[in-house]
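# Inside the fold
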Amino acid sequence: TPLGHLRLLIEMGREGSDVDWDELALETEELEELMAKLLARSRVDAGHIERSRVDVLELSQRALARQGIDEGKATLEGDERMFALDPTLIARALANLVRNAETHGGGLTKIVVHVGDELCIDVCDAGAGLGEEQASDGLGLGLPLVRAIASAHDGELCFSLDGDEHVARLTLPLG
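Below: a short report on this structure. Just so you know, these numbers come straight off a predicted model, no measurement behind them. (Residues numbered from 1 in each chain as written. Predicted model: local features only at pLDDT ≥ 70, side-chain atom pairs only at ≥ 80, totals over all residues. Heavy atoms only, no water.)

### Thoughts on unusual backbone geometry
We note that D154 has phi near 60 degrees; this positive angle belongs to a residue other than glycine. Along the chain, the position of D154 falls in the loop between α6 (143–152) and β6 (156–162). Given a relative accessible area of 62%, D154 falls into the exposed group. (Helix = DSSP H or I, 4+ residues; strand = E, 2+ residues; numbered from the N terminus. Buried < 20%, exposed > 50% of the residue type's maximum accessible area, 1.4 Å probe, protein only.)

### Section: the side chain of D55
Relative to the elements of secondary structure, D55 occurs in strand β1 (residues 52–55). A polar contact of 3.0 Å, which involves the side chain of D55, links it to the backbone nitrogen of E58. With residues up to four places along the chain from it excluded, the contact list for D55 reads R81 and M82. (Polar contact = N/O pair within 3.5 Å; in protein donor to acceptor, adjacent residues only side chain to side chain. Contact = heavy atoms within 4.5 Å.)

### Overview of the nonpolar core
Soluble globular proteins tend to pack their nonpolar side chains together in the buried interior. L85, L108, I111, L119 and I121 are the most contacted members of the largest nonpolar core, which has 37 residues in total. Top contributing element to this core by residue count: helix α4 (residues 87–104), with eight residues. Look past the residues within four positions of L108 in its chain and what remains in contact with it is L64, I69, K73, V98, A101, E102, V123, C124 and D125. (Core = buried A, V, L, I, M, F, W, Y, C linked by side-chain atoms within 4.5 Å.)

### What about α4?
Taking 1.5 Å per residue as the helical rise, α4 with its 18 residues ought to reach 26 Å, and the 25 Å between its terminal C-alpha atoms agrees with that figure. Where α4 is concerned, the buried positions are L89, I90, A91, R92, A93, L94, A95, N96, L97, V98, N100 and A101. Looking at where α4 begins, the residue whose side-chain oxygen comes 3.1 Å from the main-chain nitrogen of T88 is D86. Once α4 ends, the next one or two residues include G106, with phi positive near 75 degrees. (Expected span 1.5 Å × (residues − 1).)

### Concerning the pairing of strand β4 (residues 108–115)
Alignment of strand β2 (residues 74–77) against β4, held across four bridges, turns out to be parallel. In the strand pairing of β4, L76 is matched with V113. Sheet topology places β4 next to strand β5 (residues 118–125); seven bridges connect them, and they run antiparallel. Paired with H114 across the bridge in β5 is C120. As consecutive antiparallel partners, β4 and β5 are separated by two residues. (Pairing = 2+ DSSP bridges.)

### Quick notes on the pairing of strand β7 (residues 165–173)
Within β7, seven of the nine residues are buried, which leaves the element mostly enclosed by the surrounding structure. Alignment of β5 against β7, held across eight bridges, turns out to be antiparallel. Opposite L119, over in β7, you have L172 as the bridge partner. Taken together, the seven bridges between β6 and β7 define a ladder with antiparallel strand orientation. When the bridges of β7 are listed, L157 appears paired with L170.

### Topic: the pattern of salt bridges
This model, assessed by the stated rule, comprises five salt bridges. Residues R62 and E58 are paired through a salt bridge, measuring 3.0 Å at the closest nitrogen-oxygen approach. Of the two residues, R62 and E58 both sit in helix α3 (residues 56–66), four residues apart, roughly one turn of that helix. By relative accessible area, which is 39% here, E58 ends up partly exposed. (Salt bridge = Lys/Arg side-chain N within 4 Å of Asp/Glu carboxyl O.)

This is the structure we're talking about:
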């Protein structure tokens, strides 16, 4: 686990061995990611949703930037971009979808935010991606967490193919 690896690196440093600081930083980032997922899951399970007006395009761009992906891959179709959502949970959902696209989907191709009868955020990748089965596996991390966040906002997560792209769509009501 990241925590076990951190302990090993610290112990090596105490014994006078050279410590790979980049590896230590990476393990710390992985531990932070795991903690963020667990905290988000506990908020969802407790029904603790704090809605405020948030810029969904900005949240999408931030999720990309955190993964080192060009923010220009997030686009808005339409004019409206401010919605009453829980910004922390939606940011976590987007981060999980972006990471999924990068890790399992052959790389993220784009995020499209669009509004019709509801708010839709499409996270598209170049591969088969992970879909319904993984989003429902009940472990509470990754895609199951995205599904729980969507449900807490009275929305849903679904998957489809659009040409050569795999699309994970987060759909949220406008109310």
